[in-house]
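# Topology and contacts: notes
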Amino acid sequence: MLDEHTFDKRANNAATAPAFLSVWNIEAYYGESYIVQDVSFNVHEGEILALLGRNGAGKTSTLRTIARMGNPELRHGEIWLDHKPLHKMKNYEAAQAGIALVPEDRRIIQGLTVEENLKLAQIAPPVGWSLERIYELFPRLGERRTQDGSTLSGGEQQMLAIARALARDIKVLLLDEPYEGLAPVIVQEIAKTLKIIRDQGITTIIVEQNAVAALKLADRAVILDTGLVVYDDSAQKVLDDEALRAKYLAI
Ligand SMILES: Nc1ncnc2c1ncn2[C@@H]1O[C@H](COP(=O)(O)OP(=O)(O)OP(=O)(O)O)[C@@H](O)[C@H]1O
Ligand SMILES: [Mg+2]
């Protein structure tokens, strides 16, 4: 459960509030291609932030930069998580600091069961959620614990990818297009689960082509356009503003 203090931080979106995750003026490159161009935003503890924008706007590149994937290369700016300088870290150090990126292709390990996929995530300490807690949140995964992870349905694979992140001791969940290719009923099921995960204290950034679904889930939205932030405010305002949606999201 979120305490009062956390709720205060979520409600108070003032620039002066110390943010849990701060992205300050980051610039990132693929070779000489300048992709993430001076992007800044804050994410408060226990918040769900929707990071939106058209194809090629730089959403995946921004998530990869925060997770310190090495490619794209961060050449300018700072990223702070809970007072720790992520911008100075390598990928495994960012992971140890509590960042988990669930990539678009989900990367479920073929030949391993659901449970083996989860146990593999728990090999290196610090360990996060127990298998019992994970199966309580994702009963479908509990039912299929002995099934090869790669034979799960698309929705179940997405659940496993999220569960695998929680099996590590994480603070921030970065989701790249978690709803891709999923039926609306499964999208709703995953959204419900992401709200429970939020209410248990995990901070989330969701990148999604299904902008309406992401905006309904999120507390706040940041919109990117060709590597720049063009909107940073409440998610509901974007849902309410047809002109803004048409301009930056083409919906
Ligand atoms: N490995 C790479 N090497 C060179 N350029 C890249 C690489 N990956 C992405 N880009 C370019 O960086 C820009 C931003 O790509 P990115 O994948 O971050 O966008 P996106 O907002 O996630 O798009 P989409 O909605 O299509 O997933 C694009 O112009 C893309 O072509
Ligand atoms: Mg992308």
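Residues numbered from 1 in each chain as written. Chains lettered and ligands numbered in written order. Predicted model: local features only at pLDDT ≥ 70, side-chain atom pairs only at ≥ 80, totals over all residues. Heavy atoms only, no water.

## Here's the deal with the overall build of the protein chain
Basically, it comes down to this: Note on conventions: DSSP H or I runs of at least 4 residues are helices, E runs of at least 2 residues are strands, and numbering of each starts at the N terminus. Under the scheme applied here, a residue whose accessible area is under 20% of the maximum for its type counts as buried, over 50% as exposed, and between as partly exposed, the area being computed with a 1.4 Å probe on protein chains only. Computed with the Shrake-Rupley method and a 1.4 Å probe, the accessible areas treat only the protein chains shown as cover for residues.
If you tally the helices and strands in the protein chain, you get eleven helices and ten strands. With the C-alpha coordinates aligned to their principal axes, the bounding extent of the protein chain is approximately 45 × 40 × 40 Å. Here the protein chain holds 251 residues, and the buried ones make up 50% of them. Surface summary for the protein chain: the accessible area is close to 11,700 Å², and the carbon and sulfur share equals 50%.

## Points about the pairing of strand β8 (residues 203-207)
The condition that has to hold: Any two strands between which DSSP finds at least two bridges are classified as paired. When the strands point away from the viewer and the connection leading from the first strand across the helix to the second strand turns clockwise, the crossover is called right-handed.
Judged by how many residues are buried, β8 sits mostly within the fold: five of five residues are covered. Residue alternation in β8 divides its side chains into two sets, T203, I205 and V207 and T204 and I206, and both sets are buried. As defined by bridge partners, strand β3 (residues 48-52) adjoins β8 across four bridges and the pair is classed as parallel. When the sheet's bridge partners are listed, L49 is paired in β8 with I205. What joins strand β7 (residues 172-176) to β8 is helix α8 (residues 184-199), and the crossover it makes is right-handed.

## Some thoughts on the sheet that holds strand β4 (residues 73-81)
Stated precisely, the cut-off is as follows: Any two residues whose heavy atoms approach within 4.5 Å at even a single point are treated as in contact. Axis geometry follows a simple rule: fit a line to the C-alpha atoms, using only the stretch in contact for helices, then measure angles between N-to-C directions, giving values from 0 to 180 degrees.
An order of β2-β1-β4-β5 is seen for the four strands of this open sheet, with the pairing classed as antiparallel. Looking at strand neighbours, the two that pair on one side only are β2 (33-43) and β5 (84-85), the edges of this open sheet. Inspection of the sheet shows β4 paired to β5 by two bridges, in the antiparallel sense. From the neighbouring strand, W80 faces β5, where its bridge partner is P85. Most of the contacts of helix α2 (residues 59-66) go to β2, to which it runs at about 70°, and overall it touches β1 (21-30), β2 and β4.

## Some remarks on the layout of surface pockets
Test applied: A cavity here means a set of 1 Å grid points, computed over protein atoms only, where a 1.4 Å probe fits but cannot escape. A pocket is an open set with protein on both sides within 12 Å along at least 5 of 7 lines, and lining residues have an atom within 4 Å of a point. Grid points are joined across faces, edges and corners, and a volume is the space filled by probe spheres set on the points. As a working rule, the residues Ala, Val, Leu, Ile, Met, Phe, Trp, Tyr, Cys and Pro are called nonpolar, Asp, Glu, Lys and Arg charged, and the rest polar, with Gly in that last group.
The computed volume of the largest pocket comes to approximately 700 Å³. Around the largest pocket, the lining is made up of 26 residues, and of these A95, I99, A100, L101 and R168 lie nearest the centre. Of all elements in the fold, only α3 (91-97), β6 (99-102), α4 (114-121) and α7 (154-166) reach the threshold of two or more residues within the lining of the largest pocket. Counting residues per element, the lining of the largest pocket draws most heavily on α3, at five residues. Class assignment of the residues belonging to the lining of the largest pocket gives a composition of 18 nonpolar, three polar and five charged.

## Quick look at the confidence of the model for the protein chain
The cut-off we apply is this: Confidence of the predictor in every single residue is expressed as pLDDT, which spans 0 to 100.
Residues at a pLDDT of 70 or more form 93% of the protein chain, whose mean pLDDT is 92. In this model, residues 1-17 is a region of pLDDT below 50 whose contacts with residues beyond four sequence positions or in other chains number 22 contacts.

## A few points about the pattern of salt bridges
Note the following rule: A pair is scored as a salt bridge if a Lys or Arg side-chain nitrogen falls within 4 Å of a carboxyl oxygen belonging to Asp or Glu.
By the definition in use, this model includes 14 salt bridges. Across the pair R107 and D105 runs a salt bridge whose closest N-O atoms are separated by 3.0 Å. The class for D105 is partly exposed, based on a relative accessible area of 48%. For E156, the salt bridge identified is with R144, shortest N-O distance 3.1 Å. Residue E156 is located in helix α7, and its partner R144 is located in the loop between α6 (139-143) and α7; the two are separated by twelve residues in the primary sequence. The class of R144 is partly exposed, set by a relative accessible area of 24%. Sharing partners across several salt bridges, the network here consists of R140, E143, R144, E156 and E189.

## Side note on the side chain of E115
Relative to the helices and strands, E115 is located in helix α4. For E115, the residues in contact, after removing those within four places along its chain, are L131, Y135 and R145.

## Things to note about the packing of α4 against α7
Cut-off, in case you're wondering: Angle categories: roughly parallel below 35 degrees, roughly antiparallel above 145, roughly perpendicular from 65 to 115, and oblique for all the rest. Each crossing gets its hand from how the near helix is turned against the far one by less than a right angle, where anticlockwise is left-handed and clockwise is right-handed.
One can describe the packing of α4 onto α7 by two numbers: an axis separation of 8 Å at closest approach and a directional angle of 30°. By the angle between their axes, α4 is roughly parallel relative to α7. In this structure, α4 crosses over α7, and the sense of that crossing is right-handed. In this structure, α4 contributes V114, N117, L118 and A121 to the contact, and α7 contributes L160, A163 and R164.

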